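Structural overview for review
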Amino acid sequence: MPETDAERGTEAADGLAPGRRTRLMRAETALGILAVLAILYTAYLAQNLVAPIVAAVVGSFIFMPLMRTAPFRFLPDAVSASIIVAAIIGALAGGIYMLAEPAAKWTERIPAALEEIEEKSRGLSEPVAAMRRASKQVEEITQGDNAPREVVVREDGLVAQAMEVAGQKGASILIFIVLLYFLLATGELLRDRIIRSAKRLTDKERARRILFSIEREISTYLLSISLINAGLGVAIGVTIWAIGLPNAMLWGVAAALLNFIPYAGPIAGMVLTGIVGFMTFDSVGEAMLAPAAYFLWNLVESQFVTPSVLGRRHTLNAAVVFVSIVFWGWMWGVIGAVLAVPILVILNTCFAQIEGLRKFSMFIDGSAKTNGPALPD
C-alpha cells in the first residue's frame, strides 16, 4: 500500500517509519529479556560467589545508619566498620559455641526419634499399612517370578564431597565478611561516586533519593523484623521450657532464625518441636503441646505484632513474597530464602522512585493505596 501523507510526516519527524520503530522496540524488549535471563543463569551457576555479595550489600544497608550514630560518627569509617564486623563475628562464634553441642546431640537422635514417632502413631497409621500390604500382595501375584532385581548404587567419596561443600560455604562466609567490611568502610565514598557519576542534576538527585530510600527501607524493615523475631524466640523458648522440653534456649534461637524465612520457617519450626515432643513425652497429647504453642505464638506475631510494628509502609503483596521466596530459595538455597524479602524491598523501592518502572511497584506493594484516580463504580 502507498504511504499516506501522515506516515511520511511521521517518518520525516522521527527518522523511522512506524513499522521499523515497532520492530526496533520488539528487538530491544527481546534483548532485555535475554539479558535478564543471562544474569539469572549466571547468578544460579555462581551462587557461592553471587549470594554472599548480595548478602553483604544488604548487610551494608542495614548497618550503614548505625555508623552515623554516636559514638561511631566520631571515629574513622575503617575503625567503625572493624568494630561492627568484629561484633558480628563474635556473636556468630558465641552462638555456635553455645548451641553446637546440643544441636549435634539432637541431630544424632533424629533416626531414633522417627522410629518413636512411628511406634506411637502406629494406631493411626495401621489402616494405611494394611492397604499397603494388600496392594503389595496383589502386585506380587500379578508379577509372579518376574520381580525386578534390586540394584545397589555405591556412592564413593562422600567425605570428599562434604569437605568440598564445607570449603565452598567457608569461602562464601569469608567473602561476605570481607566485602561487608569494605562496603561499610567506604560506603559514604562509594555512594558519593555513584551520585557524581550521573550526568544531569535531576539524575543526581534521583540517584541520591534512591540510595537513601533503599538504606532507610531496608534498615528499618530488617531491624524491626530482627527485634520481632528475637521477641518471638524468647516467647517460644520460655514456653518450651515451661512445657518441659530440654534445651529450650536452642529451640528459642532456632525459632528466631527460622522466622526470617516466611512461611517455610515457621512450618519447619513446628515440625522440629513436634519431633522433640514425641522424643520427650510418652503420650501424643503432651507431644503436641510444643508445636501447638509454636503455632499460636507465630499466629500472634504474624497477625498482630508485625502489622502493628511495621504498619502499611512495609506491606508487600503476599503472593509476590511467596513467589520470591520459592524462586530465590531454588536459586541459592536457604540463604536465598532469607534474602528473598530484602531483595523484594530493594526492588520495590527502586521501582517506586523511577517513573517508567513505577507500575511494577504497584504489583509488589501490598497496601490498599492506589496510585492514580479511582475507578468508577
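What counts, and where the lines are drawn
- Every chain is numbered on its own, with residues counted from 1 as its sequence reads.
- Since the coordinates come from a predicted model, pLDDT governs what is reported: local features require at least 70, and pairs of side-chain atoms require 80 or more to be given and counted, while whole-chain, interface and lining totals use all residues.
- Only hydrogens and water are set aside when side-chain values are computed; all heavy atoms of the structure are taken into account.
- Throughout, the protein atoms alone are placed on a 1 Å grid, and a set of points is a cavity if a 1.4 Å probe fits but cannot get out or a pocket if it is open with protein on both sides within 12 Å along at least five of seven lines; lining residues have an atom within 4 Å of a point.
- Grid points are joined across faces, edges and corners, and a volume is the space filled by probe spheres set on the points.
- Helix and strand assignments follow DSSP, with helices taken as H or I runs no shorter than four residues and strands as E runs no shorter than two, numbered in order from the N terminus.
- Three residue categories are used. Nonpolar comprises Ala, Val, Leu, Ile, Met, Phe, Trp, Tyr, Cys and Pro, charged comprises Asp, Glu, Lys and Arg, and polar comprises the others, including Gly.
- Residue contacts are counted whenever heavy atoms from the two residues lie within 4.5 Å of one another.
- Think of it in three bands: with a 1.4 Å probe and only protein chains considered, a residue is buried below 20% of the maximum accessible area for its type, exposed above 50%, and partly exposed in between.
- Each polar contact in these results corresponds to two N or O atoms within 3.5 Å; when the atoms are within protein, one needs to be able to donate a hydrogen and the other to accept it, and residues that are neighboring in sequence are counted only if both atoms are side-chain atoms.
- Residue-level confidence of the predictor is summarised by pLDDT, bounded by 0 at the bottom and 100 at the top.
- Each salt bridge in this description consists of a side-chain nitrogen of Lys or Arg and a carboxyl oxygen of Asp or Glu lying within 4 Å of one another.
- Stacked, edge-to-face and tilted labels apply to pairs of Phe, Tyr and Trp rings (six-membered ring for Trp) whose centres lie within 6.5 Å, assigned for plane angles under 30 degrees, over 60, and everything in between, in that order.
- For patch building, the residue pool is restricted to those with more than 30% relative accessible area and no salt bridge; the joining distance is 9 Å between like charges and 5 Å between nonpolar side chains (Val, Leu, Ile, Met, Phe, Trp, Tyr).
- The protein chains shown are the only cover counted for residues, whose accessible areas, like all others here, come from Shrake-Rupley with a 1.4 Å probe.
- As used here, the arc is the angular range of directions from the helix axis to the C-beta atoms.
- An axis is simply a line fitted to the C-alpha atoms; with a helix, the fit covers only the stretch in contact. Between two such axes, the angle follows the N-to-C directions and lies from 0 to 180 degrees.
- Note on angle classes: values under 35 degrees are labelled roughly parallel, values over 145 roughly antiparallel, values of 65 to 115 roughly perpendicular, and the remainder oblique.
- Take the far helix as the reference: if the near one is turned anticlockwise from it by less than a right angle, the crossing is left-handed, and if turned clockwise, right-handed.

Digging into empty space enclosed by the protein
- A complete count under the given rule lists 1 cavity of 30 Å³ or more for this structure.
- Quantified by volume, the largest cavity comes out at close to 30 Å³.
- Around the largest cavity, the lining residues are Trp 251, Ala 254, Ala 255, Leu 258, Gly 269, Leu 272, Thr 273 and Tyr 294.
- Of all the secondary structure elements, the ones that give two or more residues to the lining of the largest cavity are helix H10 (248-258) and helix H11 (264-280).
- With 4 residues, the top contributor of residues to the lining of the largest cavity is H10.
- Among the residues making up the lining of the largest cavity, the classes are represented as 6 nonpolar, 2 polar and no charged.

Some thoughts on unusual backbone geometry
- Notably, Asn 247 is not glycine yet its phi reads approximately 55°, a positive angle.
- Structurally, Asn 247 is set in the loop between helix H9 (201-243) and H10.
- One non-glycine residue, Tyr 263, lies in positive phi territory at about 70°.
- With respect to the helices and strands, Tyr 263 occurs in the loop between H10 and H11.

Quick word on the environment of Phe 63
- Considering the arrangement of structural elements, one finds Phe 63 in helix H3 (residues 47-67).
- In contact with Phe 63, other than residues within four places in its own chain, are Ile 84, Ile 88 and Leu 184.

A look at the environment of Asn 317
- Looking at the secondary structure, you find Asn 317 in the loop between helix H13 (289-310) and helix H14 (318-332).
- Overall, the relative accessible area of 27% leaves Asn 317 in the partly exposed class.
- Distance in space between the C-alpha atoms of Asn 317 and Met 362 is 9.3 Å, their sequence separation being 45 residues.
- Polar contacts involving the side chain of Asn 317 include one to the main-chain carbonyl oxygen of Phe 363, which spans 3.3 Å.

Focus: the confidence of the model for the chain
- Looking at the chain as a whole, its pLDDT mean stands at 78, while 77% of the residues score no less than 70.
- Across the chain, element-level confidence peaks in H10 with a mean pLDDT of 89 and bottoms out in helix H1 (residues 5-14) with 47.
- A low-confidence stretch, residues 6-13 stays under pLDDT 50, and its non-local contacts, those more than four residues away or across chains, total 7 contacts.
- This stretch, residues 370-377, has a pLDDT under 50; its non-local contacts, to residues over four places away or in other chains, come to 1 contact.

Considerations on the pattern of salt bridges
- All told, the structure shown has 7 salt bridges when counted by the stated rule.
- Arg 191 serves as the salt-bridge partner of Glu 188, at 2.6 Å between the closest nitrogen and oxygen. With Glu 188 and Arg 191 both in helix H8 (residues 187-197) and 3 residues apart, the pair spans about one turn of that helix.
- Glu 217 is the partner of Arg 216 in a salt bridge, and the nearest nitrogen-oxygen pair spans 3.8 Å.
- Its relative accessible area of 13% is what places Glu 217 among the buried residues.
- Taken together, the shared-partner salt bridges in this structure form one network comprising Arg 68, Glu 188, Arg 191 and Glu 215.

Considering the packing of aromatic side chains
- Applying the stated criterion to the full structure yields 7 aromatic pairs.
- Here the aromatic rings of Tyr 181 and Phe 182 are separated by 5.3 Å at their centres, their planes lie at 65°, and the arrangement is edge-to-face.
- The class of Phe 182 is partly exposed, set by a relative accessible area of 45%.
- An aromatic cluster of three or more residues is present, and its members are Tyr 44, Phe 327, Trp 328, Trp 330 and Trp 332.

A few points about a nonpolar patch on the surface
- A contiguous nonpolar surface patch, about 580 Å² in accessible area, is contributed by Tyr 97, Met 98, Met 249, Val 253 and Leu 257.
- Elements supplying a minimum of two residues to the nonpolar patch: helix H4 (77-108) and H10.
- Secondary-structure assignment places Met 98 in helix H4.
- Since its relative accessible area comes to 51%, Met 98 is described here as exposed.

Considering H8
- When H8 is considered as a whole, its buried residues turn out to be Gly 187, Arg 191 and Ile 195. For H8, the arc enclosing every buried residue in end-on projection is 70°, short of the 170-degree limit, so these residues lie on one face. Turned more than 90 degrees away from the buried face of H8, the exposed residues are Arg 193, Arg 196 and Ser 197.

Re the packing of H14 against helix H15 (residues 334-353)
- In the contact formed by H14 and H15, the axes pass within 7 Å of each other and the chain directions differ by 140°. Viewed along their axes, H14 and H15 adopt a mutual orientation that is oblique. Once H14 is placed against H15, the crossing between them reads as right-handed. Taking contact as the criterion, the partners of Val 320, Val 321, Ser 324, Ile 325, Trp 328, Gly 329 and Trp 332 in H14 are, on H15, Val 334, Ile 335, Gly 336, Ala 337, Leu 339, Ala 340, Val 341, Ile 343 and Leu 344.
- Its residues assigned to classes, the contact of H14 with H15 shows 13 nonpolar, 3 polar and no charged.

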